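Chain residues, written in single-letter form:
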Amino acid sequence: MDIILFGIQGSGKGTQGKLLKEYYNMSYFETGAQLRKLASEDSDLGHEVKKIIEAGHLVPNEIVMKIVQNFLSKVSEGKSIIFDGIPRNMIQAETFAKLLDDNNRKYKAVILELSKEEALKRLTQRRVCSKCKEVYPASYQKETCEKCGGKLITRTDDNTESIKVRLDAFFTETIPVINMFESKNKLIHINASGTIKEVDKNLKEILSPILKQQ
Ligand code: AMP
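Our subject in this report is the structure included herewith. Here the structure is a predicted model, which is why all the values come from computation and not from measurement.

Things to note about the site of the ligand
In step 1: Around the ligand sit 15 residues in total, of which R36, H57, G85, R88 and Q92 are the nearest.
In step 2: In this structure, an oxygen atom belonging to the ligand sits 2.9 Å away from a side-chain N or O atom of R36.
In step 3: For the ligand, the protein covers 96% of the area, taking 490 Å² as the surface of the free molecule.
In step 4: Here the element with the most residues in the shell around the ligand is helix α2 (residues 31-39); it accounts for 4 residues.
In step 5: Among the residues making up the shell around the ligand, the classes are represented as 5 nonpolar, 5 polar and 5 charged.

Listed below in structure tokens is the structure:
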């Protein structure tokens, strides 16, 4: 069973997704990270994607779908996948559902619920490791990553203007997708306002019976 992780920016999708990946030994598809990798390439496509990400807009669907298609073609047989950051609009939802069906993949969606105010607070205060990309909340006071020693920086798209554009896109484009999963009884709600540990515990309590019944 695959898990499609939804949540407003700052809800902890990446952090929780990585914890689930380790615990259940799943594959992990992080759309934003894949696109940031593409954006770091010195090519026309790389430069185009970099500009779009920094402005907070969504990268064109065809580019995103090619990346996920490529990932699916390489995933080990029998391994479940956590999808983080896809689908983000109704067109992606349609193409993505078809892609999963064509690959005989079963899935459930999870929404990490957090208020817009709390999301804004987290996004403007978080930092990431410039080397290993580990994310650190405001409460982490040091200047270097505790995992690899890399310098902590603010993500280039975590600026006020881009955050506003990204949150708007979440409400206008992604909420309809989440509502569609809800209407198909495929959506699990998780309160994401607690600590990383609390949310992780809650997620595992709810997901374990589902992931173990496969
Ligand atoms: P994230 O790391 O999930 O916050 O994503 C960072 C940025 O990558 C987003 O603001 C978009 O510019 C781009 N991005 C991530 N996922 C998608 C997607 N499914 N479709 C289009 N663009 C995306």
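From this point, things continue past the structure.
A closer look at unusual backbone geometry
In step 1: A cis amide bond links I86 with the next residue in sequence, P87, at an omega value of 0°.
In step 2: Although it is not a glycine, K133 adopts a positive phi angle of roughly 70°.
In step 3: The topology assignment puts K133 in the loop between β5 (127-129) and β6 (135-136).
In step 4: Given the relative accessible area of 51%, K133 is considered exposed.

Considering the packing of α2 against helix α4 (residues 61-74)
In step 1: Close contact between α2 and α4 brings their axes to 11 Å; oriented N to C, the two are set at 105°. By the criterion of interaxial angle, the relationship of α2 to α4 is roughly perpendicular. Judged by residue contacts, T31, Q34, L35 and L38 of α2 engage I63, V64, I67 and F71 from α4.
In step 2: Among the residues making up the contact of α2 with α4, the classes are represented as 6 nonpolar, 2 polar and no charged.

Side note on the sheet that holds strand β7 (residues 152-153)
In step 1: The 3 strands lie next to each other as β6-β5-β7, forming an open sheet whose pairing is antiparallel. Edge strands, defined here as strands with exactly one partner in the open sheet, are β6 and β7.
In step 2: Relative to β6, β5 runs antiparallel, the two being bridged by 2 bridges. Among the inter-strand pairings, V128 is bridged to a residue of β6, identified as V135.

Calculation rules
Residues numbered from 1 in each chain as written. Predicted model: local features only at pLDDT ≥ 70, side-chain atom pairs only at ≥ 80, totals over all residues. Heavy atoms only, no water. Near = heavy atom within 4 Å. Polar contact = N/O pair within 3.5 Å; in protein donor to acceptor, adjacent residues only side chain to side chain. Areas by Shrake-Rupley, 256 points an atom, 1.4 Å probe, with all protein chains shown as cover. Helix = DSSP H or I, 4+ residues; strand = E, 2+ residues; numbered from the N terminus. Nonpolar A, V, L, I, M, F, W, Y, C, P; charged D, E, K, R; others polar. Buried < 20%, exposed > 50% of the residue type's maximum accessible area, 1.4 Å probe, protein only. Axes fitted to C-alpha atoms, helices over the stretch in contact; angles between N-to-C directions. Parallel < 35°, antiparallel > 145°, perpendicular 65-115°, else oblique. Contact = heavy atoms within 4.5 Å. Pairing = 2+ DSSP bridges.

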